[in-house]
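An overview of the molecular structure
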Number of protein chains: 2
Amino acid sequence: IAHDQGKRARRLLKAMHPAKVASLLETLTPQQRIAAWHQVDARTEPKVLAHLSAAMRAQLARDLEVDAPPSDSALSTADSPIDDAPETQLHLVLDALDQGKLKRISRLFSKLHPARIAGLLESLPATERAAAWDMVEGERTSKVLRHLHQEVRRRLATEMDLEHLVEAARGLEADDLVDLIQDLPVATGRQILEAMDRRERERLQSMLSYPEDSAGGLMNMDQIAVRANIKIGTLLRYLRLREDLPSNTDKFFVIDRKHHYQGILRTRRVLTARPETMVSDLMETDFEPVLADQPSDAVARRFEEQDLSSAPVVDADGRLLGRITIDDVVDVIREQAAHAMMGMAGLDEETDMFAPVLASSRRRAVWLGINLITAFLAAWVIGLFEGTLQQVVALAVLMPIVASMGGIAGSQTLTLVIRGLATGQLAGGNTRILLLKEAGIGLLNGLLWALVVAALAILWFGNWAIGGIIAVAILLNLLCAAVAGVAIPLLMRRLGIDPALAGSVVLTTVTDIVGFFAFLGLATLILL
Amino acid sequence: IAHDQGKRARRLLKAMHPAKVASLLETLTPQQRIAAWHQVDARTEPKVLAHLSAAMRAQLARDLEVDAPPSDSALSTADSPIDDAPETQLHLVLDALDQGKLKRISRLFSKLHPARIAGLLESLPATERAAAWDMVEGERTSKVLRHLHQEVRRRLATEMDLEHLVEAARGLEADDLVDLIQDLPVATGRQILEAMDRRERERLQSMLSYPEDSAGGLMNMDQIAVRANIKIGTLLRYLRLREDLPSNTDKFFVIDRKHHYQGILRTRRVLTARPETMVSDLMETDFEPVLADQPSDAVARRFEEQDLSSAPVVDADGRLLGRITIDDVVDVIREQAAHAMMGMAGLDEETDMFAPVLASSRRRAVWLGINLITAFLAAWVIGLFEGTLQQVVALAVLMPIVASMGGIAGSQTLTLVIRGLATGQLAGGNTRILLLKEAGIGLLNGLLWALVVAALAILWFGNWAIGGIIAVAILLNLLCAAVAGVAIPLLMRRLGIDPALAGSVVLTTVTDIVGFFAFLGLATLILL
């Protein structure tokens, strides 16, 4: 028995007869025995117990008993809506891992939604995560995999043996499986594809040919297509043969003989129609389909604007390929939001919160390195005025204030512009107007804070000249921050760089340099 | 005719007979005439023209003609999927406003989705926005209002006359109307409520009693409730009487005689069931309803995790109150994301990009003022070491590097923690592990960049002591940044402050102070 591979041991034990498991348990050392016992399925437990010697039964039953009451009470509270908080569940899992009570985790997991299990797994550090992952039951493995973020998913999936991974892959919807394959090493992805039957493989391969962030990469192929010249009654008879429909089926798609998209038929129309009505009388032909190569953020915007639940995807010839559903669009929206937020700090939105220290350090070092260059640029500007600083040391004390005020004002403008670009509300036509407005704000706030800072500086150092110099420098820097806050993201966008990613680094470089240069330069001219 | 109130003039002209409009037009000055002509409805145009004198007809027809070809071609390209970009449409609107061709805007708007019109309106500065808003046709006013952001909506709504506003309110779904009323001044809101009939008013008032960010504030009351003891055939007959169902109806809700929620019945079950099946055989009783006082972000998380399209809302006694649909949840998700991003720069996510300069300046001044306090704190720390700086001016050149590296490293940790808190993946149990991991990253990156910066400093100033001092200061500051990045948001959360809002200000204050203090303090100890 490979004790480090919980999942494999578990399946081995499942396949064995309870009596055989019992005799196996008796041959092990007490420690190994407890470990193996943890892998025994809850349903076969009593059977195995019956085959064990009395002493051993007492020992293991004790483990079970000590285990049972707290976990039961914990689970019953977890069932009530109040304690359904992820925090409580996380505590349960961590406690259980801490005490080696793996059975308790398996019981908790069996009551939770796969998405919640995925969330819990992502909340765990690597070792604990692997242990808890072993406790996810066979059929649910695939569903939990689907809800994990890229980095965690890749790591857990590559640690699974291929046979088991293929099994999990079979449980996934086509679009989620495509996602998974794109995350895995190429060789593993190919092996999974080869394990599928031919029709499924061809379908997957055609879906894999679209980029992940296009409509084709989002779509699924579980749509229901109907012909325009049938009666609603006929459609209902067909639907009854199917027994169930894919989730998020709020519309059927109407196609012609050559599979060209012709329109939509809403399920609510079907529900309220008389059986003798024709599909062609109820279908809506003005619903525009999504093109497979449309970028996914445009798709998300349309779903959001038009409150859609699903939309048909067609190829360039208008042939129906599949459909996009709102649940995948919600994922896109969440990812965009995470990308915008994490990107500003130079982080990847798919990052594993508990990635190994070394890997995380390496990734973050890049960002720190970029920032170091900009910090040295600012230092170089200060270095130009070493002589001035030596004579008036008060300048060294006050100079960070000038740079900081510019940085804050600029980042406000920058954030507004980045958001305007993301929502499409900022385009060629109104950027000039926005620039004027931001410059106006920079002027007003520049005047206000220039006066405040000047007053404070004069109070502090009793020097009117320094007060005047810092006032002018702050006003200049806030004006410049407003212009840079509008211009930098627009320029980056034109150059094809994501402004959410690099915008703030470039902006603070500008405001630092302008701030230090204006303040120290003016001081050199006036004070020396 | 009130020439400054386009909407009113428009409705006046609409109510008049074409002949009367024509004679009215003839009494006006040429300039007034063009303005009034712009308000004439497209459908009545030919009729009015027929009643005009030949000279006048020629003049106005010229306006129409010059207007027509470019707008038509522009519109035909706007219809094709490629030029459907918001940028192109914005250009069209701005050009039209520029040339005073209001008719062109009205024609463009009539072809666009209300959400897109709302987006275009938000892309316009105040004066242009008011002019374009006048061009939104009667029935669509309410739909556009629903898609506007709070600040813009409030301004446009308060500028409308009450009669017209009530008319628009009647066109809104209950949940959107509740939103609108919450945004308006109390008196206006009450006037709208009073204009509704009694049943509607009572419904709205019960919805208004829930906070905006709770499940009750999100819900609508358009659910379809059924009883468990009827046949599917009966249900279908009832549905056929209704002719249409509310959008996003993917499930019906099963209730008992006292209106207590009992379970859900999916529409796809109804579509695939035989007519003689009972509702009780198909309903799912394990679908947990949403409590009306649940916070909206918990609702959004559940929709996302479980891929829901709609969910029932119940009160504390389990009585069915209404339902929440995915389109409103998508809005919540977008708002959360905008809040997280804009909040970091001290901006409100409902801000109007083109708010008047004075109002924007005032709001942003608060944030700048808060930051000024932290900047003065840092300056005060530097001031403690004035003597040291006077003797070794190189310290003044290098000190911003120490502070900046700490700020960047800390903001990476901070962003990760804020996101972990938002997703619920960071809770009591795993914060210690994360703290250790972040400290480890701080140590590794601190060592790396301490060496790099030390080497560069030695090269620059040829002083080994300064190199050693800056290395130790950077290492200390990065370690401290890691600890502060984890501790600050956790502490704020416990104090009930939103970490996304104030986290970065507090963090940079800490890293600035620690950075300057460590660097200048060490220098004072060693160099003097």
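Residues numbered from 1 in each chain as written. Chains lettered and ligands numbered in written order. Predicted model: local features only at pLDDT ≥ 70, side-chain atom pairs only at ≥ 80, totals over all residues. Heavy atoms only, no water.

Some points on the packing of helix α8 (residues 114-122) of chain B against helix α10 (residues 138-147) of chain B
All names here are of chain B. Condition: Note on definitions: angles span 0 to 180 degrees between N-to-C directions of axes, and those axes are lines fitted to C-alpha atoms, for helices only across the stretch in contact. By definition, any uninterrupted DSSP run of H or I lasting at least four residues is a helix, any uninterrupted run of E lasting at least two residues is a strand, and each is numbered from the N terminus. Take the far helix as your reference; a near helix turned counterclockwise from it by less than a right angle gives a left-handed crossing, and one turned clockwise gives a right-handed crossing. The contact rule is simple, with two residues in contact once any of their heavy atoms fall within 4.5 Å. Throughout this entry, Asp, Glu, Lys and Arg are counted as charged residues, while Ala, Val, Leu, Ile, Met, Phe, Trp, Tyr, Cys and Pro are counted as nonpolar. The remaining residues, Gly among them, count as polar.
Viewed as axis vectors pointing N to C, α8 and α10 meet at an angle of 65°, and their least axial separation amounts to 8 Å. The two elements α8 and α10 cross, and the hand of that crossing is right-handed. Along its contact with α8, which presents P114, A115, I117, A118, L121 and E122, the element α10 presents R140, K143, V144 and H147. Partitioning the contact of α8 with α10 into residue classes produces six nonpolar, one polar and three charged.

Concerning the sheet that holds strand β4 (residues 290-291) of chain B
All names here are of chain B. Heads up, the rule is: Think of it this way: DSSP has to see at least two bridges between two strands before they count as a pair.
Pairing within the open sheet is mixed, and its three strands lie in the order β4-β5-β6. Strand pairing shows two members of the sheet lacking a second neighbour, β4 and β6 (320-325), which therefore form its edges. Pairing of β4 with strand β5 (residues 310-314) involves two bridges; the strand directions are parallel. What sits directly across from L291, in β5, is V314.

Quick notes on empty space enclosed by the protein
In plain terms, the rule: Residues are said to line a cavity or pocket when one of their atoms sits within 4 Å of a point; the points come from a 1 Å grid over protein atoms alone, cavities being sets where a 1.4 Å probe fits but cannot get out and pockets being open sets with protein on both sides within 12 Å along at least five of seven lines. Grid points are joined across faces, edges and corners, and a volume is the space filled by probe spheres set on the points.
Scanning the entire structure with this criterion turns up 12 cavities of 30 Å³ or more. Elements with a contribution of two residues or more to the lining of the largest cavity: α21 (326-344), α22 (357-383), α24 (394-423) and α27 (499-527) of chain A together with α22 (357-383), α24 (394-423) and α27 (499-527) of chain B. Counted by class, the lining of the largest cavity contains 26 nonpolar, 18 polar and two charged residues.

Section: the packing of α24 of chain A against α27 of chain A
Residue and element names in this part refer to chain A. Their axes nearest at 8 Å, the elements α24 and α27 cross at an angle of 145°. You can see that α24 and α27 cross each other, and the crossing is right-handed. The residue makeup of the contact of α24 with α27, split by class, is 17 nonpolar, eight polar and one charged.

Looking at the environment of G216 of chain A
Residue and element names in this part refer to chain A. Going by this rule: Relative accessibility under 20% of the residue-type maximum defines a buried residue, over 50% an exposed one, and the middle range a partly exposed one, all with a 1.4 Å probe and only protein chains included.
Take G216: it is sitting in helix α16 (residues 215-218). Residue G216 is classed as buried on the basis of its relative accessible area, which comes to 1%. When the C-alpha atoms of G216 and G322 are compared, they prove to be 8.3 Å apart, with 106 residues separating the residues in sequence. Ignoring sequence-local partners within four residues, the contact set of G216 consists of M207, Y210 and A292.

Comments concerning a negative patch on the surface
So the rule is basically this: Two joining distances apply to patches: 9 Å for like charges and 5 Å for nonpolar side chains (Val, Leu, Ile, Met, Phe, Trp, Tyr), and every residue must have over 30% relative accessible area and no salt bridge. Here the open area of atoms and residues is found with the Shrake-Rupley method and a 1.4 Å probe, where only the protein chains shown may cover a residue. We count a salt bridge whenever a side-chain nitrogen from Lys or Arg sits within 4 Å of a carboxyl oxygen from Asp or Glu. The charge count includes Lys and Arg as positive and Asp and Glu as negative, but it does not include His or the ends of the chains. Charged side chains are reduced to one point each, which is NZ for Lys, CZ for Arg, CG for Asp and CD for Glu.
Residues E212, D213, D297 and E335 of chain A make up a contiguous surface patch of negative charge. When you line up the elements, E335 of chain A lands in helix α21.

A closer look at the packing of aromatic side chains
For clarity, the threshold we go by: Aromatic pairing here means that ring centres of Phe, Tyr or Trp (its six-membered ring) are within 6.5 Å. Orientation follows from the plane angle: under 30 degrees is stacked, over 60 is edge-to-face, and everything else is tilted. Two thresholds decide whether a charge sits over a ring: the Lys NZ or Arg CZ must be within 6 Å of the ring centre and within 35 degrees of the ring normal.
Inspection of the entire model under this criterion finds six aromatic pairs over all chains. Taking the centre distance of 6.3 Å and the plane angle of 35° together, the rings of F376 of chain A and W460 of chain B count as tilted. In this pair, F376 of chain A is assigned in helix α22 and W460 of chain B in helix α25 (residues 431-461), connecting two distinct chains. With relative accessibility at 33%, the residue W460 of chain B sits in the partly exposed group. Aromatic rings pair up to connect F376 of chain A together with W460 and F461 of chain B into one cluster. Between R302 of chain A and the ring centre of F287 of chain A, over which it is positioned, the NZ or CZ distance is 5.1 Å.

What about α25 of chain B?
Note the threshold: Here the expected length of a helix is defined as 1.5 Å per residue gap, with one fewer gap than residues.
Taking 1.5 Å per residue as the helical rise, α25 of chain B with its 31 residues ought to reach 45 Å, and the 42 Å between its terminal C-alpha atoms agrees with that figure. Two residues or fewer after α25 of chain B comes G462 of chain B, characterised by a positive phi angle close to 60°.

Details of the interface of chain A and chain B
The test is simple: Summed over both partners, the accessible area lost on bringing two parts together, with a 1.4 Å probe, is the buried area. The definition of a polar contact used here is a pair of N or O atoms within 3.5 Å, where within protein one atom must be able to donate a hydrogen and the other to accept one, and adjacent residues in sequence count solely through side-chain atom pairs.
The interface is formed by 126 residues belonging to chain A together with 126 residues belonging to chain B. With both chains or domains summed, chain A and chain B bury close to 11600 Å², and 65% of this area falls on carbon and sulfur atoms. Along the contact surface separating chain A from chain B lie eight salt bridges. Here E305 of chain A and R116 of chain B are joined by a salt bridge, their closest N and O atoms 3.4 Å apart. Inspection of the region where chain A meets chain B yields 30 residue pairs in polar contact (both at pLDDT 80 or more). Across the side of chain A that touches chain B, the residue classes tally to 67 nonpolar, 34 polar and 25 charged.

Remarks on unusual backbone geometry
Across residues other than glycine, the phi torsion is negative in most instances, and most of the peptide bonds are trans. All names here are of chain B. One non-glycine residue, H259, lies in positive phi territory at about 70°. Looking at the secondary structure, you find H259 in the loop between β2 (251-255) and β3 (261-266). The residue D307 is not glycine, and still its phi comes out positive at about 50°. Judged by its relative accessible area of 24%, D307 is partly exposed.

Here we look at the side chain of R240 of chain A
Take R240 of chain A: it is sitting in helix α17 (residues 232-242). For the buried residue R240 of chain A, which engages in no salt bridge, the nearest side chain bearing the opposite charge is E276 of chain B, 7.3 Å off. With residues near it in sequence (within four places) discarded, R240 of chain A still touches L236, L271, T272, A273, R274 and P275 of chain B.

Describing the sheet that holds strand β4 (residues 290-291) of chain A
All names here are of chain A. Here three strands make up an open sheet; going across it, the order is β4-β5-β6 and the pairing mixed. Two strands bound the open sheet, and with one partner strand each, they are β4 and β6 (320-325). The strands that helix α20 (residues 296-306) touches are β4, β5 (310-314) and β6; relative to β6, the one it contacts most, it runs at about 65°.

Focus on the side chain of D176 of chain A
Position of D176 of chain A among the secondary structure elements: in helix α13 (residues 174-183). Non-local contacts of D176 of chain A, meaning those with residues more than four positions away in its chain, are made with R146 and D328 of chain A.

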